[in-house]
Structure formats: structure tokens, C-alpha cells
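Here are the chains, one letter per residue:
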Amino acid sequence: MNDRNWGGKREGAGRKATGLNIVNITLTLTKEEAKKLKEYAAHENLSVSRFLAKALLLTPEKKD
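This write-up is about the structure you can find in this document. (Residues numbered from 1 in each chain as written. Predicted model: local features only at pLDDT ≥ 70, side-chain atom pairs only at ≥ 80, totals over all residues. Heavy atoms only, no water.)

Assigned secondary structure in the protein consists of two helices and zero strands. Computed over the C-alpha atoms, the radius of gyration of the protein is 20 Å, more than 25% above the 11 Å expected from 2.2 N^0.38 for a compact globule of 64 residues. Projected onto its principal axes, the C-alpha coordinates of the protein cover approximately 60 × 35 × 15 Å. Evaluated residue by residue, the protein yields a buried proportion of 6% over its 64 residues. For the protein, the centre of its 13 positive side-chain charges and the centre of its 8 negative side-chain charges are spaced 5 Å apart. (Helix = DSSP H or I, 4+ residues; strand = E, 2+ residues; numbered from the N terminus. Rg over C-alpha atoms; globule rule 2.2 N^0.38 Å. Buried < 20%, exposed > 50% of the residue type's maximum accessible area, 1.4 Å probe, protein only. Lys, Arg positive; Asp, Glu negative; His and termini not counted. Charge placed at Lys NZ, Arg CZ, Asp CG, Glu CD.)

Structure, rendered in C-alpha cells:
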């Protein structure tokens, strides 16, 4: 039997759920494209994810 308490499933171990319904998507770009994308997002004061969602019209526009 292993006397060490390493590895394996343990009660309470691991990252806690955030409750958010989020999916990760990988995007492959050249270094130049990635730099430009980050610049555009920064100019709008948005994360790259939020910038892309807004640019692709995936999120509803907020009414003032």
C-alpha cells in the first residue's frame, strides 16, 4: 500500500466550480495577427474574448 498522500481522487481536491457556463475555444494565429488582435482589444478596453464576441455580434448590445 502507498503511504504517501499523493495523486488520485480526494474529497475536496481540485478547483472549485465557478457556476459560469463557459467554453474554451482555441484560435490559431500568426504572431503578427495575435499582436494586432490584442492591440485592437486593448484599444477598446476589452479582453480578447470580449472583443471577439462583440466583433462577431455574439453578445447583445447594451442599451443606455
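Scanning the model with the defined rule gives one salt bridge in all. Between Glu44 and Lys54 there is a salt bridge, and its shortest N-O distance comes to 3.9 Å. Pair noted here: Glu44 is in the loop between α1 (31-43) and α2 (48-55) and Lys54 is in helix α2, with a separation of ten residues, a long-range link. (Salt bridge = Lys/Arg side-chain N within 4 Å of Asp/Glu carboxyl O.)

If you trace the backbone, Lys38 turns up in helix α1. A residue is classified by how much of its surface remains accessible, and Lys38, at 56% relative accessible area, is exposed. The sequence separation of Lys38 and Phe51 amounts to 13 residues, and the corresponding C-alpha distance is 9.1 Å.

The next point concerns the packing of aromatic side chains. Applying the stated criterion across every chain yields a total of one aromatic pair. For the ring pair Tyr40 and Phe51, a centre distance of 6.4 Å and an interplane angle of 20° mean the geometry is stacked. Of this pair, Tyr40 sits in helix α1 while Phe51 sits in helix α2, placing them eleven residues apart in sequence. Residue Tyr40 is classed as partly exposed on the basis of its relative accessible area, which comes to 47%. Given the relative accessible area of 17%, Phe51 is considered buried. (Phe/Tyr/Trp six-rings, centres within 6.5 Å; stacked < 30°, edge-to-face > 60°.)

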